[in-house]
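Structural description and commentary
The lines below spell out each chain.
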Amino acid sequence: METRKRLAKIVLVFVGLFALLWFPNHVLYMYRSFNYREIDSSLSHLIITLLARMLSFSSSCVNPFALYLLSESFRRHFNSHLHCKRKQYRERTMSYMQSTSAIRMTSIKKNTPPTMNGHKQEVSL
C-alpha cells in the first residue's frame, strides 16, 4: 500500500509539472485563436512567446530531476552509476569475463593455392 502511495505521488507530481510548464503555451494558443485577425508584433509578445515555448520544451528535461528527488530507488541507482569507481568496474569486468566463454583462434589457414615456394600461407589473428 505504501508503494502505491509513493507511485501515485510521483505520477501526480509529473502531471502537475507537465500542466504547469505547458500552461503558458496553451494560454498563448487560446489568445491567438480569439485574436487571429490581429497580429501582435510587439516585443513583449515575442518575449512571452519565447518564454512559454522554452517552458513547454523544458518539461521533458525536468522529469529526471523530479524523479531523482522523489524516488529513493532511482536516486540510489543513479548515484551508483554516477560514482562508479575503478575497482568496481574492474570487478564487474572480471566477473563478466569469468562467466562468459572466450573463443580463441590462433591461426586460420587460407584455402589458396600454394605459393611459388610450395607452401600454403598462414594468417595469424
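What you see is a predicted model; the values in this text were computed from it and never measured.

**Regarding the overall build of the chain**
- Looking only at helices and strands, one finds four helices and two strands in the chain.
- Tracing the chain from N to C terminus, the helices and strands come up as α-α-α-α-β-β.
- Among the 125 residues that make up the chain, the fraction classed as buried is 9%.
- Accessible surface for the chain amounts to roughly 11400 Å². Of this, 65% is attributable to carbon and sulfur atoms.

**Some words on helix α1 (residues 2-34)**
- Helix length check: α1, at 33 residues, gives a terminal C-alpha distance of 46 Å against a target of 48 Å (1.5 Å per residue), a fit within 8%.
- A bend of about 40 degrees at Phe-23 is the largest found in α1, and the proline Pro-24 appears one to four places after it.
- Its buried side turned inward, α1 meets α2 (43-70).

**Here we look at the packing of α1 against α2**
- Where α1 meets α2, the closest approach of the two axes is 9 Å, and the angle between their N-to-C directions is 175 degrees. Taken together, α1 and α2 sit at an angle that is classed as roughly antiparallel.
- When its residues are assigned to classes, the contact of α1 with α2 shows 18 nonpolar, seven polar and three charged.

**Quick word on α2**
- Counted at 1.5 Å a residue, the expected span for α2 with its 28 residues is 40 Å, and the 39 Å between its end C-alpha atoms agrees.
- At Ser-60, α2 is deflected by roughly 45 degrees, the largest bend along its length, and proline Pro-64 occurs up to four residues later in sequence.
- For α2, the complete set of buried residues consists of His-45, Thr-49, Ala-52, Ser-56, Ser-59 and Ala-66.
- Those residues of α2 that are buried are in contact with α1.

**What to know about the pattern of salt bridges**
- For the coordinates displayed, the defined rule picks out one salt bridge.
- In this structure, Glu-72 engages Arg-75 in a salt bridge whose closest nitrogen and oxygen atoms are separated by 2.7 Å. You can see Glu-72 and its partner Arg-75 sitting in helix α3 (residues 72-82), three residues apart, about one turn around the helix.
- Look at Glu-72 and you get partly exposed, because its relative accessible area is 48%.

**Section: the packing of α2 against α3**
- Running from N to C, α2 and α3 cross one another at 110 degrees; their axes reach a closest spacing of 6 Å. Relative to α3, α2 is oriented roughly perpendicular. Here Pro-64, Leu-67, Tyr-68, Leu-69 and Leu-70 of α2 lie close against α3, whose contacting residues are Glu-72, Phe-74, Arg-75, Phe-78 and Asn-79.
- Partitioning the contact of α2 with α3 into residue classes produces seven nonpolar, one polar and two charged.

Analysis parameters
Counting restarts for each chain: residues are numbered from 1 in the order of the written sequence. Two thresholds apply to this predicted model, a pLDDT of at least 70 for residue-level local features and 80 or more for giving and counting side-chain atom pairs, whereas whole-chain, interface and lining totals are computed over all residues. Only hydrogens and water are removed before side-chain values are computed, so all heavy atoms of the structure are retained for them. Helix and strand definitions follow DSSP, with helices as H or I runs of at least four residues and strands as E runs of at least two, each counted in order from the N terminus. Buried residues are those whose accessible area, probed at 1.4 Å on protein chains only, stays under 20% of the maximum for their type, while exposed residues exceed 50% and partly exposed ones sit between those limits. What sets the accessible areas is the Shrake-Rupley method with a 1.4 Å probe; for residues, cover comes only from the shown protein chains. Given a helix with a known number of residues, its expected span is that number minus one, times 1.5 Å. The angle between axes fitted to the seven residues ending at a residue and the seven residues starting there is what we call the bend at that residue. Here, residues are in contact when the closest pair of their heavy atoms is within 4.5 Å. Whenever a helix is involved, its axis is fitted only over the stretch in contact; in every case the axis is a line through C-alpha atoms, and angles between N-to-C directions fall within 0 to 180 degrees. An angle below 35 degrees is read as roughly parallel, one above 145 as roughly antiparallel, one from 65 to 115 as roughly perpendicular, and any other as oblique. Just so you know the grouping, Ala, Val, Leu, Ile, Met, Phe, Trp, Tyr, Cys and Pro go in nonpolar, Asp, Glu, Lys and Arg go in charged, and all remaining residues, Gly too, go in polar. Between Lys or Arg on one side and Asp or Glu on the other, a salt bridge is scored when a side-chain nitrogen of the former is within 4 Å of a carboxyl oxygen of the latter.

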